[in-house]
Amino acid sequence: MKRYRVLADRILVCIVCLALWQVASWILGTYWVSTPWATISRFFISLWDGELIRHAGYTIEEAALGGVIGAVPAIILPFALRRFPTIVQIIDPFMIGGYGLPKLALAPLFILWFGIGIESKIAVVVSIVFFIEYYATLSGVRALDARLVQMAQLCGANERQVARHVVWPCAVPNIFAGLRISLPIAIAVAVVTELISSNRGLGYLVQMGAMNFDITEVFAAILGATVLVLAVGYAVDGTEAMLLRWRPSSDPLQQATSTT
Amino acid sequence: MSTSPLLEVRNLAKRFASRQGREPAPWVIRDLSFSVRDGEFLTIIGPSGSGKSTLLNMIAQIDTATGGEILFGGDTIVVSDPKALKPGLDRRIGYVTQDDNLLPWRTTMDNVLFPLEVQGRLDDKTRAHAETLIKAVGLSGYEKYYPHELSGGMRKRTSLIRTLVYDPPVILMDEPFAAVDAQTRVQLQEDLLRLWEMGRKTIIFVTHDIAEAIALGDRTLVLTKQPTRIKAEHAIPFKRPRNVKDIFGLEGFAQVYEKIRAEIQ
């Protein structure tokens, strides 16, 4: 029952937001804020004629490639360095620097280096996903329960088996916590990078809409990006819930996903 | 039952490393010697903080000793070099710790099969053995449950048979039943004795419960306060197989109990 209650409340929130938007367009004029109906119908028309899907496809491609290229080494690195805490210590200030660096400020540089095509967007996405995922995985590897490692060794597990059967599963929840944050951000970052310079993608649609004073186009493209971000978030949550069935349901993270 | 000791501890000593500039850390254990015969159920009882867990950790080779030696089957085990420690001495020493240390992402069955899996000994025969053990401790029907879905007593049973499943010749137990309620404890003690009767492995069982030490053991060692050494030794004459529930009524129980109680204080 709680499920339906949550769903009903969400629809209610949605209706209120749309109503406020409608009121705003009456007061401020459709020229500035468009209308919900115009945006939604443009969204579906654009979806139907393939234009939106084509552009979203580019954005997804950038985010996906950047996500994989950024996340995979970020997950592997803390595991590889598990036995070398000194190296982790040495690289830590550089990692924190990389983490804190305003990556969008790098976008012009990447565009100079890689051109306005897909490569420069991937580079920006990588630079964001990598650092978030590195710290998420690192905290997972550090959260390891030493008693479980000892138990495994007593049972006769070698170093490789300890890594596979104890360290890895211990870190998976943290790896997912990192993905839950970084992958939706990957989409958003791809869109923002497209705004700076591109000839395709959802960010390009937003930019073109704004240049043509076509606010409806801007909103329809933003709606498309939002749908993508939500879809990625749900995909991560679903995969996590499937892989982490062993966790007690009192876990707040799991509770959050089980209500969705 | 052979008379030569399977495991021998000679003049074992332990002090933890002190921080720089401080006085040397006090001795936790000093001049502690005892031996265990093959197939013997030895119980060790001592006041809390008497270094019981430290003693077992050293025998299990997950902690170093500061002095003395440990012999297994007549061979000296390296105990002072942390890099040379071999946890569990190549599966010859099993260790049931105070915490159950079950892997939370594995079901009851998969936790029990874990040692066999990492030892590369998982086959139909060993799997059937695991199922027998699960049945013997009343966990049938819970094979596919995760640890968080089990009660404390069930988790204890799971961790117990996880060690029994690969048949180490010596099993160390560190107050395994301390954290469960009294009724469950008696049940677990009975389970343990029944399983032990099946194979008669060597067991070193550490506890702070006098009744438990008497009920389970062939022999009981009483430890002193720190620095720990052996204060007294009692042969427990009660015949096997024993019934834990009846042990309090047996002749001689009260005498041994009172003696040990006086020695511990």
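Look up a bit, the structure's there.
The residue numbers shown here count from 1 along each chain, following its written sequence. Written order decides the labels, with chains lettered from A and ligands numbered from 1. The model is predicted, so local features are restricted to residues of pLDDT at least 70 and side-chain atom pairs to those at 80 or more, both for listing and for counting; the totals for chains, interfaces and linings are taken over all residues.

Helix and strand labels come from DSSP, where a helix needs a run of H or I of at least four residues and a strand needs a run of E of at least two; each type is numbered from the N terminus. On a plain count of helices and strands, chain B comes out with seven helices and ten strands. Computed over C-alpha atoms, the radius of gyration of chain B comes to 19 Å, within 12% of the 18 Å expected from 2.2 N^0.38 for 265 residues, which places it in the range of a compact globule. Taken over the C-alpha atoms alone, chain B extends approximately 55 × 50 × 35 Å along its principal axes. As a rule, residues whose C-beta atom has 12 or fewer other C-beta atoms within 10 Å are exposed, those with 20 or more are buried, and those in between are partly exposed; C-beta atoms are placed from the backbone. By residue count, 41% of the 265 residues in chain B fall in the buried class. Look at the contacts in chain B between residues 6 or more apart in sequence, and 70% of them connect residues 24 or more apart. Using C-alpha atoms as the atom set, the radius of gyration is obtained and then compared with a globule rule of 2.2 Å times the number of residues to the power 0.38. We call two residues in contact whenever the C-beta atoms placed from their backbones are within 7 Å.

A word on the overall build of chain A. Each helix and strand counted, chain A has twelve helices and zero strands in total. The linear arrangement of helices and strands in chain A, starting from the amino end, is α-α-α-α-α-α-α-α-α-α-α-α. Each principal axis of the C-alpha atoms in chain A carries an extent, and together these give about 70 × 55 × 30 Å. A buried classification covers 37% of the 260 residues belonging to chain A. Sequence-distant contacts in chain A: of pairs separated by 6 or more residues, those separated by 24 or more amount to 70%.

Right, let's get into the packing of helix α7 (residues 118-142) of chain A against helix α9 (residues 159-196) of chain A. All names here are of chain A. The angle between two axes is taken between their N-to-C directions and runs from 0 to 180 degrees, where each axis is a line fitted to C-alpha atoms and a helix contributes only its stretch in contact. Two numbers describe how α7 lies on α9: the axes approach to 8 Å, and their chain directions differ by 160 degrees. One finds that α7 runs roughly antiparallel with respect to α9. Considering the relative orientation of α7 and α9, their crossing is right-handed. Only Asp, Glu, Lys and Arg are considered charged, only Ala, Val, Leu, Ile, Met, Phe, Trp, Tyr, Cys and Pro nonpolar, and every remaining residue, Gly among them, polar. Tallied by class, the residues present in the contact of α7 with α9 amount to 19 nonpolar, seven polar and three charged. Relative orientations are named as follows: roughly parallel for angles under 35 degrees, roughly antiparallel for angles over 145 degrees, roughly perpendicular for angles from 65 to 115 degrees, and oblique for any other angle. Handedness of each helix crossing follows the sense of rotation of the near helix against the far helix: counterclockwise by less than a right angle gives left-handed, clockwise gives right-handed.

Counting buried residues along strand β9 (residues 219-223) of chain B, four of its five residues qualify, which places the element largely inside the surrounding structure. DSSP calls a pair of strands paired once it identifies at least 2 bridges connecting them. Counting the residues that bridge the hairpin from β9 of chain B to strand β10 (residues 230-235) of chain B gives six residues.

What follows deals with the interface of chain B and chain A. In this complex, chain B contributes 17 residues to the contact, which on the side of chain A involves 15 residues. It is helix α2 (residues 108-118) of chain B that provides the largest number of residues to the side of chain B that touches chain A, a total of three residues. Considered class by class, the residues forming the side of chain B that touches chain A number eleven nonpolar, four polar and two charged.

Residue and element names in this part refer to chain B. Alignment of strand β1 (residues 5-15) against strand β4 (residues 67-72), held across five bridges, turns out to be antiparallel. Across the sheet, residue Val-9 finds its bridge partner in β4, namely Ile-70. Relative to strand β5 (residues 75-77), β4 runs antiparallel, the two being bridged by three bridges. Of the residues in β5, the one forming a bridge with Leu-71 is Thr-76. Between β4 and β5, which pair antiparallel in sequence order, lie two residues; one of them, Gly-73, sits at a positive phi of approximately 55 degrees.

Residues and elements named next belong to chain B. Any helix carries an expected span of 1.5 Å times its number of residues minus one. Compared with an ideal rise of 1.5 Å per residue, which puts 13 residues at 18 Å, helix α4 (residues 152-164) spans 19 Å between its outermost C-alpha atoms and is within 8% of the ideal. For α4, the buried fraction is high: twelve of the 13 residues fall into the buried class. Looking at α4, one finds that the buried residues are Gly-153, Met-154, Arg-155, Lys-156, Arg-157, Thr-158, Ser-159, Leu-160, Ile-161, Arg-162, Thr-163 and Leu-164.

This paragraph deals with the sheet that holds β5 of chain B. All names here are of chain B. Across the sheet, four strands lie side by side as β2-β1-β4-β5; this open sheet has antiparallel pairing. The open sheet is flanked by β2 (27-37) and β5, the only strands paired with a single partner. Neighbour-to-neighbour, the strand axes of this sheet turn through a mean angle of 25 degrees, independent of strand direction.

Residues and elements named next belong to chain B. The strand order across the open sheet built from six strands is β6-β7-β8-β3-β9-β10, with neighbouring strands paired in mixed fashion. The sheet terminates laterally at β6 (93-96) and β10, the two strands that pair on one side only. For this sheet the average axis-to-axis angle between neighbouring strands, irrespective of direction, equals 15 degrees. With five bridges joining them, strand β3 (residues 41-45) and strand β8 (residues 202-207) adopt parallel strand pairing. Bridge assignment links Leu-42 to a residue of β8, and that residue is Ile-204. This element, helix α7 (residues 253-264), spans β3, β9 and β10 of the sheet and lies at about 175 degrees to β10.

Residues and elements named next belong to chain A. Along the polypeptide, Val-172 turns up in helix α9. Residues Val-172 and Leu-244, 72 residues apart in the sequence, show an inter-C-alpha distance of 8.3 Å. If we ignore the near neighbours within four places in the chain, the residues touching Val-172 are Leu-243 and Leu-244.

This part is about the packing of α4 of chain B against helix α5 (residues 182-199) of chain B. Residue and element names in this part refer to chain B. Where α4 meets α5, the axes come as close as 11 Å, and the angle between the chain directions of the two elements is 15 degrees. The angle between the axes of α4 and α5 places the two elements in the roughly parallel class. Two packed elements cross with a definite hand, and for α4 against α5 that hand is right-handed. Contacts from Gly-153, Lys-156, Arg-157, Leu-160 and Leu-164 in α4 reach Thr-184, Leu-188, Asp-191, Leu-192 and Leu-195 in α5. The residue makeup of the contact of α4 with α5, split by class, is five nonpolar, two polar and three charged.

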